[in-house]
Protein chains: 2
Amino acid sequence: MASYDPAEFPPFAVTVDIVLLTVADEFSVMLVRRGVDPFAGVLALPGGFVLPDESVEDAAHRELAEETGLSASALPGVHLEQLATFGDVGRDPRMRVVSVAYLGLSRLTPLPTAGTDAADAQWLPVSTALAGHLAFDHREMLEAAVERVRAKLEYTTLATTLAGEAFTLGDLHRIYEIVWNEELDLANFRRKVLATDGFVESTGAKRVSTAGGAPATVYRRGSGTLLNPPLSRRPRAGH
Amino acid sequence: MASYDPAEFPPFAVTVDIVLLTVADEFSVMLVRRGVDPFAGVLALPGGFVLPDESVEDAAHRELAEETGLSASALPGVHLEQLATFGDVGRDPRMRVVSVAYLGLSRLTPLPTAGTDAADAQWLPVSTALAGHLAFDHREMLEAAVERVRAKLEYTTLATTLAGEAFTLGDLHRIYEIVWNEELDLANFRRKVLATDGFVESTGAKRVSTAGGAPATVYRRGSGTLLNPPLSRRPRAGH
DNA sequence: GTAATAGTGTCTGTGAGACACTATAAA
DNA sequence: TTTATAGTGTCTCACAGACACTATTAC
């Protein structure tokens with residue numbers, strides 16, 4: 001019942017790890033290659049310690065800026081939310097570390113070249129990352145993040161965050177197909193997006209594709225955040 | 001980039017707090033009255049320190065058993081899942097404490113009388129708890145838990161956890177109405193529940209209500225966990 | 001009898017899925 | 001031309017919501 005002596009608290013360290021996801025040709029995650037032990041040379045999620053005088057939330061924003069090397073102009077367009085906390089006893093071989101994982105969503109942005117202040121960050125396809133070896137329990141974090149995003153695309157407008165400031169309905173459709181790894185009828189997708197208040201709004205501009213086809217209307221994200229009723233993955237289960 | 005000295009980590013304490021919810025005449029939460037400062041005499045969520053040799057998850061289960069005083073036979077029927085982590089700087093006036101909040105769902109169970117090993121625990125209506133004063137940032141935790149449960153009743157069969165081992169469709173319907181604080185057409189609710197594979201299964205038994213009415217079929221929870229398509233709260237938004 | 005609960009049947013409107021079709025661009 | 005994309009129209013089926021109706025119990 002919280003009858004403890006503040007001087008006798010167990011020794012913990014608290015870190016944040018950022019699962020920053022984007023859609024390029026594939027669904028991709030930002031990873032850094034570790035320079036020191038443990039897991040030196042192994043790919044890991046960007047992250048670091050929570051400082052004594054900052055909130056966990058602030059630490060996540062700080063690490064997002066510092067470790068990913070995203071430019072200041074790109075940061076406001078990034079969605080960042082708490083994902084889950086990982087607190088198994090042996091997850092860090094050196095000491096007891098509890099880590100709060102955050103999920104970030106961003107449009108595809110170029111990464112700083114190696115040698116800058118930021119870590120040696122890179123975008124790697126999620127499937128490649130999951131097929132390989134990741135430091136600590138970062139694989140679990142990545143899996144949780146992927147499932148969260150897939151689920152959230154069903155009932156929120158978050159895909160517009162992955163699309164960036166200006167996009168066509170074809171772009172948005174492609175994002176859904178890549179993240180869900182599943183085909184979606186384009187005509188029905190268009191109807192659904194356009195029929196949902198606040199999902200997207202037209203900029204009036206048109207954009208021509210390099211691959212041919214008629215010019216497409218360019219949209220920006222709308223003010224809405226929730227889809228009701230939601231879009232659905234898989235053809236309805238049950239039968 | 002994780003190039004830190006394990007001996008210099010910032011001093012953190014890590015706790016777990018349990019938001020255990022149930023449905024009685026009202027949607028209720030288990031609270032304990034604090035015996036020591038800070039917040040001595042104030043209502044708080046049950047919780048406590050994560051020990052050095054146990055995972056955060058294990059700590060949550062241990063606190064659920066110890067602090068709530070639930071009998072060993074009732075514990076297996078409790079659903080426990082991680083809710084969110086609270087890590088603001090000043091949330092505990094004594095020192096830096098990061099707390100991992102867990103959401104628990106249980107059928108209504110009698111609480112141990114005061115004086116036992118367990119804390120002075122009590123069920124309090126959520127509305128009452130939110131109208132009053134709670135220790136630390138426990139009000140935020142409670143609000144997050146309530147919203148999570150309301151959302152999960154839409155697309156999971158979790159309501160059966162609140163109903164216990166044997167229940168009628170009337171019981172289940174009542175749980176939805178109380179948690180959502182909203183009326184649901186009983187006939188449509190019945191059709192939906194019975195049409196969803198794995199939601200409930202009949203025990204064959206009948207139960208008569210003390211308030212009159214025909215005997216009702218008694219059900220137990222089914223093996224399914226997800227509702228697809230989901231039940232929906234509010235009449236569809238949008239228009 | 002009345003009140004309360006259990007349970008069934010039926011109509012309607014919305015919207016998702018399937019898919020045919022036209023239009024406009026690049027190569 | 002062919003190929004790829006943009007965009008519209010239409011039919012059908014599933015299902016949620018509304019609600020009328022019967023049945024069986026307590027009081």
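If you're wondering where the values come from, they're calculated on a predicted model, not measured in any experiment.

A. Local environment of the protein's contact with DNA strand D. Near DNA strand D lie 26 residues; those nearest to it are A:R190, A:T217, B:N188, B:K192 and B:G213. For DNA strand D, the backbone portion of the atoms within 4 Å of the protein, that is sugar and phosphate, comes to 60%. Only α6 (186-195) and β9 (216-221) of chain A together with α6 (186-195) of chain B provide two or more residues apiece to the surface near DNA strand D. In terms of residue count, α6(B) provides more of the surface near DNA strand D than any other element does, four residues in total. Here the residues of the surface near DNA strand D are counted per class, giving nine nonpolar, eleven polar and six charged.

B. Focus on the pairing of strand β5 (residues 79-86) of chain A. Residue and element names in this part refer to chain A. Counting buried positions over the eight residues of β5 gives seven, a clear majority of the element. In this structure, β5 lies alongside strand β6 (residues 97-105), joined through seven bridges in antiparallel fashion. What sits directly across from H79, in β6, is L105.

C. Structural detail: the protein's contact with DNA strand C. If you check the shell around DNA strand C, you find 26 residues, and the closest are A:N188, A:K192, A:G213, B:R190 and B:T217. Near the protein, meaning within 4 Å, the atoms of DNA strand C are sugar or phosphate in a fraction of 60%, with bases accounting for the rest. Between DNA strand C and A:R191, the relevant distance is 3.3 Å, taken from a base nitrogen to a side-chain nitrogen or oxygen of the residue. One of the side-chain nitrogen or oxygen atoms of A:K192 is found 2.9 Å away from a phosphate oxygen of DNA strand C.

D. Quick peek at the pattern of salt bridges. All told, the structure shown has 24 salt bridges over all chains when counted by the stated rule. For B:E63, the salt bridge is made with B:R62, and the minimal N-O distance between the two is 3.1 Å. The same class applies to B:E63 and to B:R62, which are both buried. Shared partners join several salt bridges into a network, and the residues in it are A:E54, A:R62, A:E63 and A:E66.

E. Highlighting unusual backbone geometry. Residues A:D37 and A:P38 are joined by a peptide bond in cis, for which omega reads -5°. Considering the arrangement of structural elements, one finds A:P38 in the loop between β2 (27-33) and β3 (43-44). The omega torsion across B:N228 and B:P229 is 0°, close enough to zero to call that bond cis. You can see B:P229 is positioned in the segment after β9 (216-221).

F. Region of interest: the side chain of A:T109. All names here are of chain A. Positionally, T109 belongs in the loop between β6 and β7 (121-125). Taking relative accessible area as the criterion, T109 reaches 5% and is therefore assigned buried. Leave out the neighbours within four places in its chain, and T109 touches L70, A74 and W123.

G. Spotlight on the confidence of the model for chain A. Per-chain confidence: chain A averages 90 in pLDDT, with 90% of residues scoring 70 or above. In this model, residues 235-239 of chain A is a region of pLDDT below 50 whose contacts with residues beyond four sequence positions or in other chains number two contacts.

H. Quick peek at the packing of helix α3 (residues 138-155) of chain B against helix α5 (residues 169-180) of chain B. Residue and element names in this part refer to chain B. Close contact between α3 and α5 brings their axes to 10 Å; oriented N to C, the two are set at 140°. In terms of axis orientation, α3 runs oblique to α5. The handedness of the crossing between α3 and α5 comes out as left-handed. In contact with V149, R150, L153 and E154 of α3, α5 contributes Y176, V179 and W180. Along the lines of polarity and charge, the residues of the contact of α3 with α5 split into five nonpolar, no polar and two charged.

I. Here's a closer look at helix α3 (residues 138-155) of chain A. With 18 residues, α3(A) extends 26 Å between its outermost C-alpha atoms, agreeing within 8% with the 26 Å of an ideal straight helix rising 1.5 Å per residue. When we look at burial in α3(A), the residues that qualify are A:H138, A:M141, A:L142, A:A145, A:V146, A:V149, A:K152, A:L153 and A:E154.

J. Layout of the packing of aromatic side chains. One pass over the full model with this rule turns up six aromatic pairs over all chains. Taken together, the ring pairs connect A:Y176, A:W180 and A:F189 into an aromatic cluster.

Rules of the game
Per chain, residue numbering runs from 1 following the sequence as it is written. Chain labels run from A onward and ligand labels from 1 onward, assigned in the order the entries are written. Reporting of local features is limited, given that this is a predicted model, to residues whose pLDDT is at least 70; pairs of side-chain atoms are given and counted only at 80 or more, and all residues count toward the totals for whole chains, interfaces and linings. The basis for every side-chain value is the complete set of heavy atoms in the structure, and neither hydrogens nor water enter the calculation. Summary of the distance rule: residues count as near a molecule or strand when at least one heavy atom falls within 4 Å of that molecule or strand. Note on conventions: DSSP H or I runs of at least 4 residues are helices, E runs of at least 2 residues are strands, and numbering of each starts at the N terminus. When residue character is reported, Ala, Val, Leu, Ile, Met, Phe, Trp, Tyr, Cys and Pro are called nonpolar, Asp, Glu, Lys and Arg charged, and the others, Gly included, polar. Under the scheme applied here, a residue whose accessible area is under 20% of the maximum for its type counts as buried, over 50% as exposed, and between as partly exposed, the area being computed with a 1.4 Å probe on protein chains only. DSSP calls a pair of strands paired once it identifies at least 2 bridges connecting them. Under the rule applied, a polar contact is a pair of N or O atoms within 3.5 Å (in protein, one hydrogen donor and one hydrogen acceptor; residues adjacent in sequence only if both atoms are side-chain atoms). When a carboxyl oxygen of Asp or Glu lies within 4 Å of a side-chain nitrogen of Lys or Arg, that pair is called a salt bridge. By definition, residues are in contact when any of their heavy atoms lie within 4.5 Å. A residue's pLDDT is simply how confident the predictor is in it, with values from 0 to 100. Think of each axis as a best-fit line through the C-alpha atoms, taken over the contacting stretch in the case of a helix, with angles from 0 to 180 degrees between the N-to-C directions. Angular relationships are summarised with four words: roughly parallel below 35 degrees, roughly antiparallel beyond 145, roughly perpendicular across 65 to 115, and oblique for the angles in between. Note on convention: near helix rotated counterclockwise from far helix by under a right angle means a left-handed crossing. Clockwise means right-handed. Each helix should span, by expectation, one fewer than its residue count multiplied by 1.5 Å. Working definition: a ring pair exists when centres of Phe, Tyr or Trp rings (six-membered ring for Trp) sit within 6.5 Å. Plane angles under 30 degrees give stacked, over 60 give edge-to-face, the rest tilted.

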